[in-house]
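Letter by letter, the chains look like this.
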Amino acid sequence: MFLVGLTGGIATGKSTVSKVFKQNGIPVIDTDAIARLVVEPGKPAWHKIKAAFGDGVFHADSGELNREALGKLIFDSLEKRTILNEITHPEIHRVVYKEVIKCFFLGHNFVVLDLPLLFETGIMLSYIHKIITVTCEEDIQLTRLMDRNHLSEADAKKRIKLQMPLEQKCGQSHFVIENSGTLQDTEEQTLKILGVLQDSNQHWKIRGVIFATAAILFSSIAWILNYKYKFLSSSN
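Residues numbered from 1 in each chain as written. Predicted model: local features only at pLDDT ≥ 70, side-chain atom pairs only at ≥ 80, totals over all residues. Heavy atoms only, no water.

Student: I'd like a description of the layout of surface pockets, backed by residues and values.
Tutor: By volume, the largest pocket amounts to about 1800 Å³. In terms of lining, the largest pocket is formed by 50 residues, of which the most central are Ile 10, Asp 32, Arg 67, Phe 75 and Pro 116. If you list the elements that add at least two residues to the lining of the largest pocket, you get α1 (14-23), α2 (31-38), α4 (67-74), α5 (78-105), α6 (118-121) and α7 (138-149). In this structure, the second largest pocket is lined by 16 residues; those nearest its centre are Glu 138, Gln 141, Ile 160, Lys 161 and Leu 166. (1 Å grid on protein atoms, 1.4 Å probe; cavity = no way out; pocket = protein on both sides within 12 Å on 5 of 7 lines; lining within 4 Å. Points joined across faces, edges and corners; volume = space filled by probe spheres on them. Helix = DSSP H or I, 4+ residues; strand = E, 2+ residues; numbered from the N terminus.)

Here it is in structure tokens:
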């Protein structure tokens, strides 16, 4: 099984592409969804965020994280964003690894990792076989973000600038999906990429390496145990 990284800019349309993969039976591990999961009330990351940022970033009635309040706090401070990332990223990646292992044993040829900050963090890059970047025109991205998150133009631009420029992401990707047009156009681009990925035999190579490594490991253990048994028998 190999890993496909799905990334892009904020509000460029990654969820639309993810949906196409899911509809075609491809597992998608959504790190945004996992990020919401690991900060649920009572979770380790929830306690750490409370200790670092105080009660003001939580809803008083439910104790759930107030994402709007936290967003306003961290987007104006690199130091606070770094603190938040150091709290949440290890928890997120721990869940991602578990989900990847699960997909491997379920026999999937490949799995898509929805990683908005794939290039920015660089943490998962060495594990990714192919990278897909979803892009769109700047004015469309800005409008989508303002409408989706109810942001002013200034705040929306600030959040976009915090991420790596789309041109750089596209330049480092194996596939690029232009999502400035119609939904049908985006779906067609995604299906073409899906066809290429399904034709790949990379998953056999990776499984072969894993099984060969496991065979060597078990053989070594068996040899050691056998040697130890013979040694003890001869001593007696």
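Student: An account of the sheet that holds strand β4 (residues 130-135) is needed here, citing residue identities and associated values.
Tutor: Read from one edge of the open sheet, five strands run β2-β3-β1-β4-β5, paired in parallel fashion. Edge positions in the open sheet fall to β2 (28-30) and β5 (175-178), since each of these has one partner strand only. Averaged over all neighbouring strand pairs, the angle between strand axes comes to 20°, with direction disregarded. As paired elements, strand β1 (residues 2-8) and strand β3 (residues 110-114) share five bridges and run parallel to each other. Paired with Phe 2 across the two strands is Phe 110, which belongs to β3. (Pairing = 2+ DSSP bridges. Axes fitted to C-alpha atoms, helices over the stretch in contact; angles between N-to-C directions.)

Student: Can you break down a nonpolar patch on the surface residue by residue, with the values?
Tutor: Taken together, the side chains of Tyr 97, Ile 123 and Tyr 127 make up a nonpolar region of the molecular surface, amounting to roughly 290 Å² of accessible area. Secondary-structure assignment places Tyr 127 in the loop between α6 and β4. (Patch = residues over 30% accessible without salt bridge, like charges linked within 9 Å, V, L, I, M, F, W, Y side chains within 5 Å. Areas by Shrake-Rupley, 256 points an atom, 1.4 Å probe, with all protein chains shown as cover. Salt bridge = Lys/Arg side-chain N within 4 Å of Asp/Glu carboxyl O.)

Student: Please provide a residue-by-residue account of the packing of aromatic side chains, values included.
Tutor: Applying the stated rule across the entire model yields four aromatic pairs. Aromatic side chains Phe 2 and Phe 110 sit 5.2 Å apart centroid to centroid with 15° between the ring planes, which places their arrangement in the stacked category. Of this pair, Phe 2 sits in strand β1 while Phe 110 sits in strand β3; the two residues are 108 residues apart in sequence, bridging distant segments of the chain. In this pair, the class of Phe 2 matches that of Phe 110, namely buried. Considering the side-chain rings of Trp 46 and Phe 58, the 5.4 Å spacing of their centres and the 65° angle between planes classify their relative orientation as edge-to-face. Here the residue Trp 46 occupies a position in helix α3 (residues 44-53), and Phe 58 occupies one in the loop between α3 and α4, the gap between them amounting to 12 residues. Owing to a relative accessible area of 9%, Phe 58 belongs among the buried residues under this scheme. (Phe/Tyr/Trp six-rings, centres within 6.5 Å; stacked < 30°, edge-to-face > 60°. Buried < 20%, exposed > 50% of the residue type's maximum accessible area, 1.4 Å probe, protein only.)

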